[in-house]
Amino acid sequence: MSARGERSGQGRAGGKGQGEQPDEPHKGERRKGERDRKGEVRMSGGLLKDARERWVRTGGVELCVAELGDAAQPTVLLVHGYPDSKEVWSEVATRLADRFHVVLYDIRGHGRSTAPVPLRGGFTLEKLTDDFLAVADAVSPDRPVHVVGHDWGSVQSWEFVTVKRTEGRIASFTSMSGPSLDHFGHWIKKRMVRPTPRRVGQLLGQGAKSWYVYMLHTPALPEMAWRGPLGARWPKLLQRFEGVPADGYPTSSLPSDAATGAWLYRDNVRARLSRPRADAYAHAPVQLITPLGDAFLSPRLYDELELWVPQLTRRTLPAKHWVPRTRPDQLAAWVTDFVTANEGLQDLGCAAAQEAAAATRSAAPTGRYADRFAGQLVLVTGAASGIGRATAFAFAEAGARVVAVDRDAEGVARTAELAALVGAPAAWGETVDVSDEQAMEKLAEKVAREYGVVDVLVNNAGIGLSGSFFDTTVDDWKKVLDVNLWGVIHGCRIFGKQMADRGQGGHIVNTASAAAFQPSKALPAYSTSKAAVLMLSECLRAELAGQGIGVSAICPGLVNTNITATARFAGVDAEEEKRRQQRSSRLYGLRNYPPEKVAGAVLDAVVRNRAVVPVTPEARGAHALSRFAPKALRRLARMEPPL
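Every chain begins its residue count from 1, and numbering advances along the sequence as written. Predicted model: local features are reported for residues with pLDDT of at least 70 only, side-chain atom pairs are reported and counted for 80 or more only, and whole-chain, interface and lining totals are derived from all residues. Hydrogen atoms and water are omitted, and side-chain values are computed over all heavy atoms in the structure.

Enquirer: In this structure, what is going on with the overall build of the chain? I would like to understand it.
Expert: Put simply, DSSP H or I for four residues or longer makes a helix, DSSP E for two residues or longer makes a strand, and each gets a number counted from the N terminus. Along the backbone of the chain there are 23 helices and 17 strands. For the chain, the residues scored as buried account for 54% of the 643 residues in total. Long-range pairs, those at least 24 residues apart, make up 77% of the contacts in the chain with a sequence separation of at least 6. Think of it in three bands: with a 1.4 Å probe and only protein chains considered, a residue is buried below 20% of the maximum accessible area for its type, exposed above 50%, and partly exposed in between. Residues count as neighbours in contact if any of their non-hydrogen atoms are within 4.5 Å of one another.

Enquirer: Before we go on, may I ask you to explain the sheet that holds strand β2 (residues 61–68) in this structure?
Expert: Sheet strands line up and pair through hydrogen bonds in the backbone, either parallel or antiparallel. In this scheme, strands are said to pair when DSSP sees at least two bridges between them. Taken in spatial order, the eight strands make up an open sheet running β1-β2-β4-β3-β5-β6-β7-β8, and their pairing is mixed. Of all the strands in the sheet, the pair left with one neighbour each is β1 (52–58) and β8 (312–317). Going from strand to strand, the sheet's axes swing by 20° on average, the running direction of each strand aside. Throughout, an axis means a line fitted to C-alpha atoms (over the contacting stretch in the case of helices), and angles, computed between N-to-C directions, take values from 0 to 180 degrees. Across the face of the sheet, helix α3 (residues 152–162) comes into contact with β3 (75–79), β4 (101–105), β5 (145–150), β6 (170–176) and β7 (286–291) while running at roughly 145° to β6. Contacting β3, β5, β6, β7 and β8, helix α11 (residues 328–342) crosses the sheet at an angle of about 155° to β6.

Enquirer: Please clarify how the pairing of β7 should be interpreted in this entry.
Expert: For a regular strand, side chains alternate in direction, first toward one face of the sheet and then toward the other. Buried residues dominate β7, accounting for six of its six residues. Here β7 shows a buried face lined by Val286, Leu288 and Thr290 and a second buried face lined by Gln287, Ile289 and Pro291. One ladder, built from four bridges, connects β6 with β7; its direction is parallel. Residue pairing in the sheet places Met176 in a bridge with Ile289 of β7.

Enquirer: Can you help me understand the sheet that holds strand β15 (residues 549–555) in this one?
Expert: On the basis of which strands lie adjacent, the open sheet formed by seven strands has the order β11-β10-β9-β12-β14-β15-β17 and parallel pairing. In the strand order of this sheet, the two ends are held by β11 (427–431) and β17 (612–614), each with one partner. Between one strand and the next, the sheet's axes are offset by a mean angle of 15°, whatever the strand orientation. Pairing of strand β10 (residues 401–406) with β11 involves five bridges; the strand directions are parallel.

Enquirer: Would you mind showing me how to read the packing of helix α22 (residues 617–628) against helix α23 (residues 630–637) here?
Expert: Each packed pair of helices is defined by two parameters, the angle between the axes and the distance between the axes. Here α22 crosses α23 at 120°, and the two axes come no closer than 6 Å. Considering the angle they form, α22 stands oblique to α23. Facing Ala622, Leu625, Ser626 and Phe628 of α22, the residues of α23 in contact are Pro630, Ala632 and Leu633. Angular relationships are summarised with four words: roughly parallel below 35 degrees, roughly antiparallel beyond 145, roughly perpendicular across 65 to 115, and oblique for the angles in between.

Enquirer: Looking at this structure, I do not really get the packing of aromatic side chains. What am I missing?
Expert: Stacked, edge-to-face and tilted are the three classes for Phe, Tyr and Trp ring pairs, Trp counted by its six-membered ring, which pair at centre distances within 6.5 Å; planes under 30 degrees apart are stacked, over 60 edge-to-face, the rest tilted. Applying the stated criterion across every chain yields a total of 18 aromatic pairs. Ring centres 5.1 Å apart and planes at 90° place the aromatic pair Trp158 and Phe173 in the edge-to-face group. Linking Trp158 in helix α3 with Phe173 in strand β6, this pair joins segments that are 15 residues apart in sequence. By relative accessible area, Trp158 is classed as buried at 1%. When the ring of Phe373 is compared with that of Phe395, the centres are 5.1 Å apart and the planes differ by 85°; the resulting orientation is edge-to-face. You can see Phe373 sitting in helix α13 (residues 370–373) and its partner Phe395 sitting in helix α14 (residues 386–397), a full 22 residues away along the chain.

Enquirer: I keep staring at the pattern of salt bridges and nothing clicks. Help me out?
Expert: Between side chains of opposite charge, a pair can form as their charged atoms come close. Think of a salt bridge as a Lys or Arg side-chain nitrogen and an Asp or Glu carboxyl oxygen that are within 4 Å of each other. The tally for this structure, following the rule as stated, stands at 36 salt bridges. Measuring nitrogen to oxygen at the nearest pair gives 3.0 Å for the salt bridge that ties Arg272 to Asp182. Taken as a pair, Arg272 in helix α9 (residues 254–274) and Asp182 in helix α4 (residues 181–193) lie far apart in primary sequence, 90 residues in all. With respect to burial, Arg272 and Asp182 carry one shared label: buried. Ionic pairing is found between Lys190 and Glu304, a salt bridge with its closest N-O pair at 3.6 Å. With Lys190 in helix α4 and Glu304 in the loop between β7 and β8, the pair connects residues that are 114 residues apart, well separated along the chain. By relative accessible area, which is 22% here, Glu304 ends up partly exposed.

Enquirer: Would you mind going over helix α2 (residues 125–139) with me for this structure?
Expert: Note: α-helices contain 3.6 residues per turn, so residues at a spacing of three or four share the same orientation. Multiplying one less than the number of residues by 1.5 Å gives the expected span of a helix. Look at α2: 21 Å from first C-alpha to last across 15 residues, which is about the 21 Å you get at 1.5 Å a residue. Counting buried residues along α2, 13 of its 15 residues qualify, which places the element largely inside the surrounding structure.

Enquirer: When you look at the packing of α2 against α3 in this model, what are you seeing that I'm missing?
Expert: α3 packs onto α2 with a crossing angle of 85° between their chain directions and a minimal axis gap of 9 Å. When the interaxial angle is binned, α2 and α3 end up roughly perpendicular. In contact with Leu125, Leu128, Thr129 and Phe132 of α2, α3 contributes Trp152, Gln156, Glu159 and Phe160.

Enquirer: Teacher, can you tell me more about the pairing of β2 here?
Expert: Buried residues dominate β2, accounting for eight of its eight residues. Here β2 shows two buried faces, one formed by Val61, Leu63, Val65 and Glu67 and the other by Glu62, Cys64, Ala66 and Leu68. As judged from the seven bridges shared by β1 and β2, these two strands associate in the antiparallel manner. Bridge pairing in β2 places Glu53 opposite Ala66. The loop that links β1 with its antiparallel partner β2 comprises two residues; one of these, Gly59, has a positive phi angle of about 60°. Relative to β4, β2 runs antiparallel, the two being bridged by four bridges. Within the sheet, the bridge partner assigned to Val65 lies in β4 and is Tyr105.

Enquirer: Just checking my understanding: could you explain the environment of Phe160 for this structure?
Expert: For Phe160, the location among the structural elements is in helix α3. When the C-alpha atoms of Phe160 and Ala282 are compared, they prove to be 9.0 Å apart, with 122 residues separating the residues in sequence. Not counting residues within four places of it along the chain, the set of residues in contact with Phe160 comprises Tyr105, Leu128, Thr129, Phe132, Thr166, Ile170 and His283.

Here you go:
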């Protein structure tokens, strides 16, 4: 390493403050950025306008470093990828700055950092590691840093966390969308030496995704494309294909960054993939965040990562490649949790650190899909009992934060209490009637203000009503439609709008019923309300697909819940209604299909983004008949119900 610290002074207190100028770069180096009339350097694009700025010289280049937050707090160092600059992290950085000392830097040849001369050989992983150590020593000389890398920022950070000379300088590493080239090289060799149809398929699949790597190795062509039409159109391409908001990113340095950054690939990829290191073991805890919709990297690349990382935490995210711009809330939450869990372990002895790490892992959520929902905010209506309560528990076991909603204050408070016990990092109970539009508006405002924007909304609240059409009064119709349909509409409209405005995706689950596609002469009002919920879900799914928001309709059949004990029967007196409630409860009890299975189907529907999910065997059968033999269902609709 050629420089440990800044050009002027050492450590946090030294160096140049915002507005001060570094010495002019050596001949042949280039300076990026703009200077105003006072000679002050402004942050590119204004995305980090509140950041403190310093310059770090190392290996013949000068690195532009930005800092946010309290320098006395643990340092989180964000490393950007290709063809990005440090501003790709601006949304994540501002969210982390309340808790941490956040550091971002333009890697050599990008943003406002200078480029090496000559370019060839100036971007090797060894030199990038020199840069990392120089920045780390400048911003946090006495404490290890928590590294977060995306794309090529993750690729080079894998080098940082697996080489001997950085031991003790890294407290944790969060990786997203960028594998270790050494691990990747061993992954390829294993599939070539011991091929199976599955392994060959994986190899070919990743080979197709890596088409851009081949292009970047061609002479001159990438530079011409980026400095020409590709660089001009790149922001629009990110918006169209990745859903990146048009908020000032990427910055104006993009064409030059991308042209110069091609040497990241040329200097490293072929050499490392052909001769991967055999000792590339991580010496710090690693959190792997895998975007499931990444167009450039297959999730299969990380199948054997536990062989290289003794302390590994896995997360998955239903998102595309540029998650620092499209999912900053979720990334900030996961990074915060991971950094907090691992802060201070470096100060312990080896045995104590291992014990503390084991305790951290044992405290982590272990439920199904914990890697998918941990830290997410989930709101469930009708959560005081039955399917709603079971769904709240299922998300809690997966590590989600849960907002349980019901008009039964005592029941929903109990659900929140139990959800916290089964694994939710936080759970709250809210007493609201979902049919009350103003109450739902106030709930949405409170949830957004106190807990954040909901990631998963489960509109589950519902009531039952049985009776012939002519026995069903207008008041009966109003009560059923107010809860079963308008409650869903209010939830979708109010909370769905918040999801859409946030622009980071999400999922809406609406509880319909097998009655939505199975007509019955005994359930005209109930079936109509549920059929409307099903169609509403299908329409919303089409409308919100372009915004990354999935919509699923869950259609259970006979499930053993207390809805039968509270269901109303039109056209009968109170005594007869009570008798029918008891009889239907016995029937559902004998069927004994547990609500926990429906809850499992809800989580599965979100993970798989399924449109319509019949849950019970009778629901699946009725759904199949509705598609292939509707006349049979119409004949069944004429039968008297067993009530």
